[in-house]
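Here's the letter readout for the chains.
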Amino acid sequence: ATVVYSAVDDFNVGTNPNGVWSYREGVNSATLLSRVSSGPSVESWSGSNPTIYGFFPYVARNVSGGTLPVNWTVDLLQMHPSESLIPSVVRWTAPLSGTWKVQGSFVSLSSGLTDINIYKNTSSIVSGSLSGTGSPAVTINQDIDLSAGDFLEFAVGAQGNWGGDGVGFKATIT
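Residues numbered from 1 in each chain as written. Predicted model: local features only at pLDDT ≥ 70, side-chain atom pairs only at ≥ 80, totals over all residues. Heavy atoms only, no water.

**Examining the overall build of the chain**
Part 1 of the reasoning: In terms of regular secondary structure, the chain is built from zero helices and 13 strands.
Part 2 of the reasoning: When its helices and strands are written in sequence order, the chain yields β-β-β-β-β-β-β-β-β-β-β-β-β.
Part 3 of the reasoning: Relative to the compact-globule value of 16 Å for 174 residues, the chain shows a C-alpha radius of gyration of 15 Å, a close match.
Part 4 of the reasoning: Each of the three principal axes of the chain carries a C-alpha extent, and together these read 45 × 30 × 30 Å.
Part 5 of the reasoning: Of all intrachain contacts in the chain linking residues separated by at least 6 positions in sequence, the fraction that spans at least 24 positions is 64%.
Part 6 of the reasoning: Just so you have it, the chain exposes about 7,600 Å², and 50% of that area is on carbon and sulfur atoms.
Part 7 of the reasoning: Where the 7 positive side-chain charges of the chain centre and where its 12 negative ones centre are 3 Å apart. (Helix = DSSP H or I, 4+ residues; strand = E, 2+ residues; numbered from the N terminus. Rg over C-alpha atoms; globule rule 2.2 N^0.38 Å. Contact = heavy atoms within 4.5 Å. Areas by Shrake-Rupley, 256 points an atom, 1.4 Å probe, with all protein chains shown as cover. Lys, Arg positive; Asp, Glu negative; His and termini not counted. Charge placed at Lys NZ, Arg CZ, Asp CG, Glu CD.)

**Brief notes about the side chain of Asp150**
Part 1 of the reasoning: Here Asp150 lies in the loop between β11 (138–146) and β12 (151–158).
Part 2 of the reasoning: At 5.4 Å, Lys120 is the nearest oppositely charged side chain to Asp150, a buried residue that forms no salt bridge.
Part 3 of the reasoning: Of note is the side chain of Asp150, whose polar atom sits 2.9 Å from the backbone nitrogen of Ser147.
Part 4 of the reasoning: For Asp150, the contacting residues outside a window of four places in its chain are Trp92, Thr93, Ala94 and Asn121. (Buried < 20%, exposed > 50% of the residue type's maximum accessible area, 1.4 Å probe, protein only. Salt bridge = Lys/Arg side-chain N within 4 Å of Asp/Glu carboxyl O. Polar contact = N/O pair within 3.5 Å; in protein donor to acceptor, adjacent residues only side chain to side chain.)

**So, the nonpolar core**
Part 1 of the reasoning: Counting 34 residues, the largest nonpolar core has Trp21, Trp92, Phe106, Phe154, Phe169 and Ile173 as its most contacted members.
Part 2 of the reasoning: If near-sequence neighbours (up to four positions away) are discounted, Trp21 is found in contact with Tyr5, Ser6, Ala7, Asp10, Val90, Arg91, Trp92, Phe154 and Ile173.
Part 3 of the reasoning: Judged by nonpolar contacts, the second largest core, of nine residues, contains Phe56, Trp72, Ala158 and Trp162. (Core = buried A, V, L, I, M, F, W, Y, C linked by side-chain atoms within 4.5 Å.)

**Considerations on the packing of aromatic side chains**
Describing an aromatic ring pair means giving the distance of the ring centres and the angle of the ring planes.
Part 1 of the reasoning: Using the criterion set out here, one finds seven aromatic pairs in the structure.
Part 2 of the reasoning: Ring centres of Trp92 and Trp100 lie 4.9 Å apart, and the angle between their planes is 70°; this geometry places the pair in the edge-to-face category. In this structure, Trp92 and Trp100 share a single accessibility class: buried.
Part 3 of the reasoning: Following the ring pairs from residue to residue traces out a cluster consisting of Tyr5, Trp92 and Trp100.
Part 4 of the reasoning: The ring of Phe55 carries the charged tip of Arg35 above its face, separated from the ring centre by 3.8 Å. (Phe/Tyr/Trp six-rings, centres within 6.5 Å; stacked < 30°, edge-to-face > 60°. Lys NZ or Arg CZ within 6 Å of the ring centre and 35° of its normal.)

**Quick word on the environment of Thr73**
Part 1 of the reasoning: Take Thr73: it is sitting in the loop between β5 (54–62) and β6 (77–80).
Part 2 of the reasoning: Thr73 sits in the partly exposed class, given a relative accessible area of 23%.
Part 3 of the reasoning: Separated by 52 residues in the primary sequence, Thr73 and Trp21 have C-alpha atoms spaced 21 Å apart.
Part 4 of the reasoning: Not counting the four nearest positions on each side in its chain, Thr73 is found in contact with Asn62 and Thr67.
Part 5 of the reasoning: Polar contacts involving the side chain of Thr73 include one to the side chain of Asp75, which spans 2.3 Å.

**Digging into the sheet that holds strand β10 (residues 123–131)**
Within a sheet, neighbouring strands are paired by backbone hydrogen bonds and run either parallel or antiparallel to one another.
Part 1 of the reasoning: Ordered by their spatial adjacency, five strands build an open sheet running β2-β7-β12-β9-β10, and the pairing between neighbours is antiparallel. Whereas interior strands pair on both sides, the edge strands pair on one side only; in this sheet they are β2 (21–25) and β10. Strand after strand, the sheet turns through a mean of 15° between neighbouring axes, direction not considered.
Part 2 of the reasoning: Pairing between strand β9 (residues 113–120) and β10: eight bridges, direction antiparallel. Its bridge partner lying in β10, Asp115 is registered against Ser129. (Pairing = 2+ DSSP bridges. Axes fitted to C-alpha atoms, helices over the stretch in contact; angles between N-to-C directions.)

Read these as layout, nothing more, since geometry by itself doesn't imply function.
Written out as structure tokens, the structure is:
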């Protein structure tokens, strides 16, 4: 049977890194998101940048069983950069060498302007932006050759202003 790695289904607030997945502050960064929040509707990892709204950047999962405000559905993680413009990053590390099918998308959940990037190790392979609710999704549907230990980073950054930069993200890797 084919193993399916799902950014949404595999999300876990028990440990970071969580198997092949990790949640980070910044691109190509060793700094892991370290603050855990777990409630009846949302579970999240967040970073070290305090604001009046909580700690940023963050990666969160809707565990409510329904749709939360800003049209956040259970099939999406929510990612948000920090006030100091540090991107929110979900990293997947290849457990084996081979060709991996990567499918996913980023959709705007807020009114802010965001940068979207996907990196293979340190090289950008997808670059785009979202200009608020209703803007076209940034997607990936590629076969990517990776050696064991190589990584893909899915990053959400701010375009100069971090307010309203919530982005929905999902990806599967097989």
